[in-house]
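Close look at the chain arrangement
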Amino acid sequence: KSKNAGRNCFHIYSADLKAEADQRNVLEIELREAIWREEIEVFYQPVIELGTGRVKSVEALARWRHGTRGFIPPVEFIAVAETGGLIVELGEQVLAKACRDAMTMPDDVKVAVNLSALQFAGTNLVDTVTFALAQSGLPQTRLELEITESVFLADTQENLKTLQRLKALGVSIALDDFGVGYSSLSYLTAFPFDKVKIDKSFIDRIDRSETVAVLKSIVQLAKTLKLSIVAEGVETSEQVSQLQSLGIALGQGFYFSKPVPLADLSWQGHTARRRRQTAA
Ligand code: C2E
Ligand code: MG
Ligand code: MG
Ligand code: MG
């Protein structure tokens, strides 16, 4: 009897897995189509200089408006793109669009584009970036590339070389989601990054003395390594004050603005919470 129950369990389990796999396949097919039709949109979220309220850069964030399901979160469709072999094409489209859009922004504002570790696997990432800059006319100094430490997990030597060639183009390189991995510190010294983005989980807990201690040491390290620091996921004015007292000069988060379409970006008035916000 218990054997039977076990079998039934297995059947239910595998049926669930199959349903999940089918759903994923459908999503992958739909995503492939959306990329093919160039329907992936790019929203922008400003990075603010806390002391002045000025927009220093904007981060490009991919948005997929699904025909029947509305916006699908990037965490979901980026993963599908990565497993389905679509991330290189998707990444190229976002990069090209971000560079073009940046040409319509004030020229002291940089644009930051997220890269997947899998975009480093193809050998032509450097060509892709060079091409996007040339096609758009965007000066290389206005482009920033955001990577996570996953870039260092596979093909480390090869990826490091690619990173060096990217930096040699004159674009800047930021380490994203800093602090959530388990070897963050070593990665910070593995490459001459221009910027480090401290993960939201630290900002969420900035009222704790342990977090303050960690942030103090990150600030110290960043000074030594001559990196600028951005706090991600800033949601309250208390967090802004805390960050400023820690000497962290840049912040990004819903407190200032959610990611918005290009047309909705505003270049002033970010010291106080914006009243009108477009849903992300
Ligand atoms: P990320 O690069 O760390 O981007 C920051 C994420 O935090 C964004 O989520 C943004 O909307 C969200 N965020 C910003 N401020 C706040 C806040 O105050 N509160 C909260 N709760 N969230 C905030 P989003 O747009 O959903 O993107 C999630 C992740 O998907 C990104 O994390 C990035 O890793 C990835 N992603 C998005 N676009 C692209 C892309 O074009 N290429 C690649 N490779 N990855 C992308
Ligand atoms: Mg990012
Ligand atoms: Mg991040
Ligand atoms: Mg993140």
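Look a little higher up for the structure.
To start, this report covers the structure provided alongside it. Within each chain, residue numbers correspond to sequence positions counted from 1 in written order. Chain letters and ligand numbers both follow the written order, the letters beginning at A and the numbers at 1. The model is predicted, so local features are restricted to residues of pLDDT at least 70 and side-chain atom pairs to those at 80 or more, both for listing and for counting; the totals for chains, interfaces and linings are taken over all residues. Side-chain descriptors were evaluated using all non-hydrogen atoms of the structure, hydrogens and water having been removed beforehand.

1. Digging into the overall build of the protein
Heads up, the rule is: Secondary structure elements are defined from DSSP: runs of H or I of at least 4 residues count as helices, runs of E of at least 2 residues count as strands, and each element is numbered from the N terminus. Only C-alpha atoms enter the radius of gyration; for comparison, a globular chain is expected to reach 2.2 Å times N to the power 0.38, where N is the number of residues. Burial classes: relative accessible area under 20% of the type maximum marks a residue as buried, over 50% as exposed, and values in between as partly exposed (1.4 Å probe, protein chains only). Any two residues having at least one pair of non-hydrogen atoms within 4.5 Å are treated as being in contact. Under the convention used here, Asp and Glu are negative, Lys and Arg are positive, and both His and the chain ends fall outside the count. Note on charges: their place is set at NZ of Lys, CZ of Arg, CG of Asp or CD of Glu.
Scanning the protein for helices and strands turns up nine helices and 10 strands. Against the 2.2 N^0.38 benchmark of 19 Å for 280 residues, the protein shows a C-alpha radius of gyration of 21 Å, consistent with a compact globule. Taken along the three principal axes of its C-alpha coordinates, the protein extends 70 × 50 × 45 Å. A burial count over the protein gives 44% of its 280 residues as buried. Intrachain contacts of the protein at a sequence separation of at least 6 include 64% that bridge at least 24 residues. Of the charged side chains in the protein, 32 are positive and 35 negative; the average position of the first set lies 3 Å away from that of the second.

2. Here we look at the site of ligand 1
Keep this limit in mind: We call a residue near a molecule or strand as soon as one heavy atom of that residue lies within 4 Å of the molecule or strand. Polar contact is defined as a pair of N or O atoms within 3.5 Å, subject to the rule that within protein one atom must be able to donate a hydrogen and the other to accept it, and that residues adjacent in sequence are counted only when both atoms are side-chain atoms. With residues, only the protein chains shown are counted as cover, and all accessible areas are computed by Shrake-Rupley using a 1.4 Å probe. Amino acid classes used here: Ala, Val, Leu, Ile, Met, Phe, Trp, Tyr, Cys and Pro are nonpolar; Asp, Glu, Lys and Arg are charged; the rest, including Gly, are polar.
Near ligand 1 there are 21 residues, and of these R63, N114, D176, E235 and F254 occur at the shortest range. One of the side-chain N or O atoms of R63 is found 2.9 Å from an oxygen atom in ligand 1. In isolation ligand 1 offers 800 Å² of accessible surface; the protein chains occlude 80% of this area. Counting only elements with at least two residues in the shell around ligand 1, the list comes to β2 (54-66), α2 (74-83) and β6 (172-178). Of the residues that constitute the shell around ligand 1, the class distribution is nine nonpolar, five polar and seven charged.

3. Structural notes on the coordination of the magnesium ion (ligand 2)
Worth spelling out the cut-off: In this analysis a donor is any N, O or S atom within 2.8 Å of a metal ion (3.2 Å for sodium, potassium and calcium), and since water is not included, sites may seem incomplete.
Bound to the magnesium ion (ligand 2) are the protein donor atoms E59 (OE), N114 (OD1), E146 (OE) and D176 (OD), situated 2.0 to 2.2 Å from the metal. Here the donor residues of the magnesium ion (ligand 2) share one chain and are spaced in sequence as E-x54-N-x31-E-x29-D. Between the magnesium ion (ligand 2) and the magnesium ion (ligand 3), both coordinated by D176, there is a metal-metal distance of 3.9 Å. Residue N114 is found in strand β4 (residues 110-114), and its partner E146 is found in strand β5 (residues 143-147); the two are separated by 32 residues along the sequence. Its relative accessible area of 28% is what places N114 among the partly exposed residues. Accessibility expressed as a relative area gives 1% for E146, which makes it buried.

4. Focus: the pattern of salt bridges
So the rule is basically this: A pairing counts as a salt bridge when a side-chain nitrogen of Lys or Arg comes within 4 Å of a carboxyl oxygen of Asp or Glu.
Counted under the stated rule, the structure contains 15 salt bridges. Here K200 and E235 are joined by a salt bridge, their closest N and O atoms 3.7 Å apart. In this pair, K200 sits in helix α7 (residues 200-204) while E235 sits in the loop between β8 (228-231) and α9 (237-245), placing the two residues 35 residues apart along the sequence. Here the residues in one salt-bridge network are E33, R37 and E39, joined through shared partners.

5. A few points about the environment of Q119
When you line up the elements, Q119 lands in the loop between β4 and α4 (125-136). Given a relative accessible area of 8%, Q119 falls into the buried group. Each C-alpha atom of the pair Q119 and F77 lies 16 Å from the other, and the pair is 42 residues apart in sequence. Residues in contact with Q119, not counting those within four places in the same chain, are I87, V88, G91, E92, N114 and L125.

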